[in-house]
Amino acid sequence: MLSLVVPAYNEGDKIYNNLMTICSELDRFCDDYEVLPINDGSKDNTHDEINRAAIDNTHIRPISYTPNRGKGGAIVEGVREAKGDLIGFIDADLDLAPSHFEDFLNTMKNTSCDIVIGSKMHEESKLEYPFIRKVYSIGYYVMLKILFGLKIKDTQTGIKLYRSDLIKEIAPKLKTQGFAFDIEILALASTKKAKIEERPITLEFTRGNSFGRIHIKDILKMFTDTIKIWWNLKIRRSY
């Protein structure tokens, strides 16, 4: 069974249609799945639209709470509630199509890996992506390579698939609720010798500006959170 976690904050204008799209895509290649939209303390009608989608499609199991916890907090909540043998994450805006999971599931089956992640830096990836975000991604990759020595090129693309037992063991240990949660999960998985496969993606950027909803303060916090993760993992060994 696949559990697909969909963090959502103030996505009321599109969340219903996007959840229907997710289910329609998964129906093509996945017999047993659940979709867990996580209403992360939204201030608009996201809660009502998610519930409307759940009425129209029984694969959808809505989860809602207040106040807003950030994307990492939403992921942790989704992992806690997920019932599947495999747990995937996808962003609610569907810049990355749910059809990627067909390849991800096949990759996990064929390689017996523990994690499959989408990578913007994969040579087969197709990107419609602002230049400034490409520069940011490369800079962050260099930083992570120095700090953590991970053998992967892209930790931040918002589509991933995990073995349930692995992510359920890691999620309660997370100290970060913001955008740096991805590197925290992968760094902890690396300490457990988890096998990680990177796969190509097709990315169509739909947000109105170069960083979408990510602001300068979010980027700065992400970098400071990353340093804290390194400190807790490598120096304090507090996990």
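Bear in mind that the values here come from a model prediction, so they are computed numbers and not experimental data.

About the criteria used
Residues numbered from 1 in each chain as written. Predicted model: local features only at pLDDT ≥ 70, side-chain atom pairs only at ≥ 80, totals over all residues. Heavy atoms only, no water. Salt bridge = Lys/Arg side-chain N within 4 Å of Asp/Glu carboxyl O. Helix = DSSP H or I, 4+ residues; strand = E, 2+ residues; numbered from the N terminus. Buried < 20%, exposed > 50% of the residue type's maximum accessible area, 1.4 Å probe, protein only. Pairing = 2+ DSSP bridges. Axes fitted to C-alpha atoms, helices over the stretch in contact; angles between N-to-C directions. Contact = heavy atoms within 4.5 Å. Patch = residues over 30% accessible without salt bridge, like charges linked within 9 Å, V, L, I, M, F, W, Y side chains within 5 Å. Areas by Shrake-Rupley, 256 points an atom, 1.4 Å probe, with all protein chains shown as cover. Core = buried A, V, L, I, M, F, W, Y, C linked by side-chain atoms within 4.5 Å. Phe/Tyr/Trp six-rings, centres within 6.5 Å; stacked < 30°, edge-to-face > 60°. Left-handed = near helix turned anticlockwise from the far one by under 90°. Nonpolar A, V, L, I, M, F, W, Y, C, P; charged D, E, K, R; others polar.

A. Looking closely at the pattern of salt bridges. Scanning the model with the defined rule gives 15 salt bridges in all. For Glu49, the salt bridge goes to Arg52, with nearest N and O atoms at 2.9 Å. Of this pair, Glu49 and Arg52 both sit in helix H2 (residues 46–56), 3 residues apart, which is roughly one turn of the helix. A relative accessible area of 15% places Glu49 in the buried class. According to the relative accessible area criterion, Arg52 is partly exposed, its value standing at 36%. Among the ionic pairs, Glu81 bridges to Arg61, the shortest N-O distance being 4.0 Å.

B. Local environment of the sheet that holds strand S4 (residues 86–90). Strand order in the open sheet made by the 7 strands is S3-S2-S1-S4-S7-S5-S8, with mixed pairing throughout. The open sheet is flanked by strand S3 (63–65) and strand S8 (196–200), the only strands paired with a single partner. Across the sheet, the mean angle separating the axes of adjacent strands is 20° when strand polarity is ignored. Across 4 bridges, the pairing between strand S1 (residues 2–8) and S4 is parallel. In the strand pairing of S4, Leu2 is matched with Leu86. Lying on the sheet, helix H7 (residues 181–191) is in contact with S4, strand S5 (115–119), strand S7 (159–163) and S8; it crosses S7 at an angle near 35°.

C. Representation of a nonpolar patch on the surface in the model. Together, Ile138, Val142 and Ile146 line one region of the surface with nonpolar side chains, adding up to about 300 Å² of accessible area. With respect to the secondary-structure elements, Ile146 resides in helix H5 (residues 131–148). You can call Ile146 exposed: its relative accessible area is 67%.

D. Quick peek at the nonpolar core. Among the nonpolar cores identified, the biggest contains 41 residues, and Phe89, Ile115, Phe148, Ile183 and Ile185 are the most heavily contacted of them. With 7 residues, H7 is the largest single contributor of residues to this core. Setting aside residues up to four positions removed in sequence, Ile115 forms contacts with Met108, Leu161, Tyr162, Leu166, Leu186, Ala189, Ala194, Lys195, Ile196 and Glu197.

E. Representation of the packing of aromatic side chains. Across all of its chains, the model carries 4 aromatic pairs by this definition. Aromatic pair Phe101 and Phe104: ring centres 5.6 Å apart, planes at 70°, arrangement edge-to-face. Of the two residues, Phe101 and Phe104 are both situated in helix H4 (residues 100–111); the distance of 3 residues between them amounts to about one turn of the helix. Looking at Phe101, the relative accessible area reads 0%, which means it is buried. Residue Phe104 is classed as buried on the basis of its relative accessible area, which comes to 0%. A ring pair is formed by Tyr140 and Phe223, whose centres lie 5.4 Å apart and whose planes are at 85°; its orientation type is edge-to-face. Residue Tyr140 is found in helix H5, and its partner Phe223 is found in helix H8 (residues 216–235); the two are separated by 83 residues along the sequence. With relative accessibility at 26%, the residue Phe223 sits in the partly exposed group.

F. Highlighting the environment of Asp114. Residue position: Asp114 is located in the loop between H4 and S5. On a C-alpha basis, the gap between Asp114 and Leu174 in space is 18 Å, while along the polypeptide they are 60 residues apart. Excluding its chain neighbours within four sequence positions, the residues that come into contact with Asp114 are Met108, Leu161, Tyr162, Arg163, Leu166, Lys193, Ala194 and Lys195.

G. Structural detail: the packing of helix H1 (residues 15–29) against H2. Contact geometry of H1 with H2 gives a least axis separation of 8 Å together with a crossing angle of 35°. The chirality of how H1 crosses H2 is right-handed. Across the interface between the two elements, Ile15, Tyr16, Leu19 and Met20 from H1 touch Thr46, Glu49, Ile50, Arg52, Ala53 and Asp56 from H2. Per-class residue counts for the contact of H1 with H2 are 6 nonpolar, 1 polar and 3 charged.

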